[in-house]
Amino acid sequence: QVQLVESGGGLVQPGGSLRLSCVASGSIFSINAMGWYRQAPGRERELVAAIISGSSTNYTDSVKGRFTISRDNAKNTVYLQMNSLKPEDTAVYYCNARITYYSRSGYYTGDYWGQGTQVTVSS
């Protein structure tokens, strides 16, 4: 009933910028927290940034001052603006959202993931 689709990944040189987008679709009643995670080869998936239904945000220390998370509630979309990218930012980036959706049998809340988008920072 709910789907998250990411876009915006790619190859960029160190110091460059990328903007990731994630659109949620389906029988959505409300979206609570939305966030971005990343997973580099051989490493655990880690939280990069999250935004609650209002404007409350939090970031992992390594991206503070370089990345900005934002959301457009009318479009059910979350963005991640990534500036001053470093090779260590290379990873697959995943969108995550806690969504309440409706069906004929009622309302349900769950955590959903996108398919992931590759970000590679290399010269």
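Residues numbered from 1 in each chain as written. Predicted model: local features only at pLDDT ≥ 70, side-chain atom pairs only at ≥ 80, totals over all residues. Heavy atoms only, no water.

## A look at the environment of Val63
Line of reasoning, step 1. Position of Val63 relative to the elements: it lies in the loop between strand E6 (57-59) and strand E7 (67-72).
Line of reasoning, step 2. Exposure remark for Val63: the relative accessible area of 0% places this residue in the buried category.
Line of reasoning, step 3. Note: C-alpha distance between Val63 and Ser84 (21 residues apart in sequence) is 9.5 Å.
Line of reasoning, step 4. Not counting residues within four places of it along the chain, the set of residues in contact with Val63 comprises Arg38 and Val48. (Helix = DSSP H or I, 4+ residues; strand = E, 2+ residues; numbered from the N terminus. Buried < 20%, exposed > 50% of the residue type's maximum accessible area, 1.4 Å probe, protein only. Contact = heavy atoms within 4.5 Å.)

## Brief notes about the state of the cysteines
Line of reasoning, step 1. Summed over the entire model, instances satisfying the criterion amount to 1 disulfide.
Line of reasoning, step 2. In this model Cys22 forms its disulfide with Cys95; the gap between the sulfur atoms is 2.1 Å. Between Cys22 and Cys95, the S-S dihedral sits near -80°, and the bridge is therefore left-handed. In this pair, Cys22 sits in strand E3 (residues 18-26) while Cys95 sits in strand E9 (residues 91-103), placing the two residues 73 residues apart along the sequence. (Disulfide = S-S within 2.5 Å.)

## Things to note about the packing of aromatic side chains
Line of reasoning, step 1. This model, assessed by the stated rule, comprises 5 aromatic pairs.
Line of reasoning, step 2. When the centroid spacing of 6.3 Å and the interplanar angle of 75° are considered together, the rings of Tyr101 and Tyr112 count as edge-to-face. Here Tyr112 lies in strand E10 (residues 106-113) and Tyr101 lies in strand E9, a separation of 11 residues in the sequence.
Line of reasoning, step 3. In this structure an aromatic cluster arises from ring pairing among Phe29, Tyr102 and Tyr107. (Phe/Tyr/Trp six-rings, centres within 6.5 Å; stacked < 30°, edge-to-face > 60°.)

## A look at the pattern of salt bridges
Line of reasoning, step 1. Applying the stated criterion across every chain, the model contains 5 salt bridges.
Line of reasoning, step 2. A salt bridge links Arg38 to Glu46; the shortest N-O distance between them is 2.7 Å.
Line of reasoning, step 3. Residue Arg38 is classed as buried on the basis of its relative accessible area of 6%.
Line of reasoning, step 4. Residues joined in a network through salt bridges with shared partners are Arg38, Glu46, Arg66 and Asp89. (Salt bridge = Lys/Arg side-chain N within 4 Å of Asp/Glu carboxyl O.)

## Brief notes about a nonpolar patch on the surface
Line of reasoning, step 1. A contiguous nonpolar surface patch, about 370 Å² in accessible area, is contributed by Phe29, Tyr102 and Tyr107.
Line of reasoning, step 2. By secondary structure assignment, the location of Phe29 is in strand E4 (residues 28-39).
Line of reasoning, step 3. Taking the relative accessible area as the measure of exposure, Phe29 reaches 53% and is therefore exposed. (Patch = residues over 30% accessible without salt bridge, like charges linked within 9 Å, V, L, I, M, F, W, Y side chains within 5 Å. Areas by Shrake-Rupley, 256 points an atom, 1.4 Å probe, with all protein chains shown as cover.)

## Thoughts on the side chain of Thr100
Line of reasoning, step 1. Positionally, Thr100 belongs in strand E9.
Line of reasoning, step 2. Overall, the relative accessible area of 11% leaves Thr100 in the buried class.
Line of reasoning, step 3. Among residues more than four places away in sequence, those in contact with Thr100 are Ser27, Ile28, Phe29, Ser30, Asn32, Tyr107, Tyr108 and Thr109.

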